[in-house]
Structures are given as structure tokens and as C-alpha cells.
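So you can see what is in the structure, the chains are spelled out below.
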Amino acid sequence: MKLAPSADGGLHIEVEDKSDWQLLLGILRDAQDSGIDLATRVGGAMDQAADWHDWEEFVIPDIRASFLADLKTVLIAIESARLEAAGGAGNVWITGEDAFHWYSALNQARLALEAIHHFGPGESVNPNQLSQTGLAAFIRSHFYCAFQSILLDLGLG
């Protein structure tokens, strides 16, 4: 997989094979399959505040809906490109309009992986001490972070 700026100011993902498609779809799996309600977690210490019930009733549903809309946008982009490429080599184009959705989906995936595996700062993780599953999640988390950095460097995130 190669990521590069596109001529229109967006980001071009050149997908080289089936495993690249699986890695891109992994963004969605990691963001959703953790069983963790990231919208509620965003509230952080708000659950200790007196107005937590207002936050829970009015703010969290909007955050949750926004998160789901971001994931849906990314899913549609990936699946449309994958179908067009018949599952082989192909291209995904991220426009400036869709970049925030991608940034959010990548962030959701990273937050979910952190909540499950508790990596903490990357410098403190010894990959040799991780299980195979943990190491794979750690590598994906770093890929998502690098992807987000590219979006930010291009002024898209």
C-alpha cells in the first residue's frame, strides 16, 4: 500500500493486493468490534459531574451518531473502491471533504485498540513481550497513527 498526495489536494491510497484491502477494513473492525462505547468514553470525568445525565442524554447520542457517520463514510469509500478493483490492485481517493471522516475513524480505531491492550506511550512498549494478537494490534495502531499524521501534514485532518 502506498499513500501519496493527490493532484486535487487530497490523499491517494494505492492498494496493491487483497491484504491491503483487509488492512483498510481493519480500521472499521478495530473501531467497532471492541465492544467499547467510545462516545461515552469521550465524556471522561463528566460522569462525576452534577450534569452528567444531561451530557448522557443530549451530547453522547450526537457524538455516537457522528462517530458512526464517520465510519460509514470510510466504509463506503473502501468498499466502493474495492468493488471497482474486484478485490485486486486499486485506488482509494480521500478528498478534503472526507478527510475528517477518515481522521475520526482512524482515531476511533486507535482509541479502541488502546482501551483493549493498554499500550500506553509507544516508547514504553517492548514488542517482544506482546502476544501475537497484541503485536498485530500494536502495529495497526502505529499504522493508523502514521496515516493520521499524513492527513495532518497535508492539512486534511
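Here the structure is a predicted model, which is why all the values come from computation and not from measurement. (Residues numbered from 1 in each chain as written. Predicted model: local features only at pLDDT ≥ 70, side-chain atom pairs only at ≥ 80, totals over all residues. Heavy atoms only, no water.)

(A) Local environment of the packing of aromatic side chains. In the structure shown here, the tally under the stated rule is four aromatic pairs. Judged by centre distance (5.2 Å) and plane angle (70°), the rings of Phe 119 and Phe 138 are edge-to-face. Of this pair, Phe 119 sits in the loop between α4 (96-117) and α5 (132-153) while Phe 138 sits in helix α5, placing them 19 residues apart in sequence. Comparing Phe 119 with Phe 138 shows no difference in burial state: the two are buried. A network of ring pairs unites the aromatic residues Trp 102, Phe 143, Tyr 144 and Phe 147 as a single cluster. (Phe/Tyr/Trp six-rings, centres within 6.5 Å; stacked < 30°, edge-to-face > 60°. Helix = DSSP H or I, 4+ residues; strand = E, 2+ residues; numbered from the N terminus. Buried < 20%, exposed > 50% of the residue type's maximum accessible area, 1.4 Å probe, protein only.)

(B) Region of interest: α5. Look at α5: 31 Å from first C-alpha to last across 22 residues, which is about the 32 Å you get at 1.5 Å a residue. Those residues of α5 that sit buried are Gly 134, Ala 137, Phe 138, Ser 141, Tyr 144, Phe 147, Gln 148 and Leu 151. In the segment just after α5, Gly 155 is the residue with positive phi, at about 75°. (Expected span 1.5 Å × (residues − 1).)

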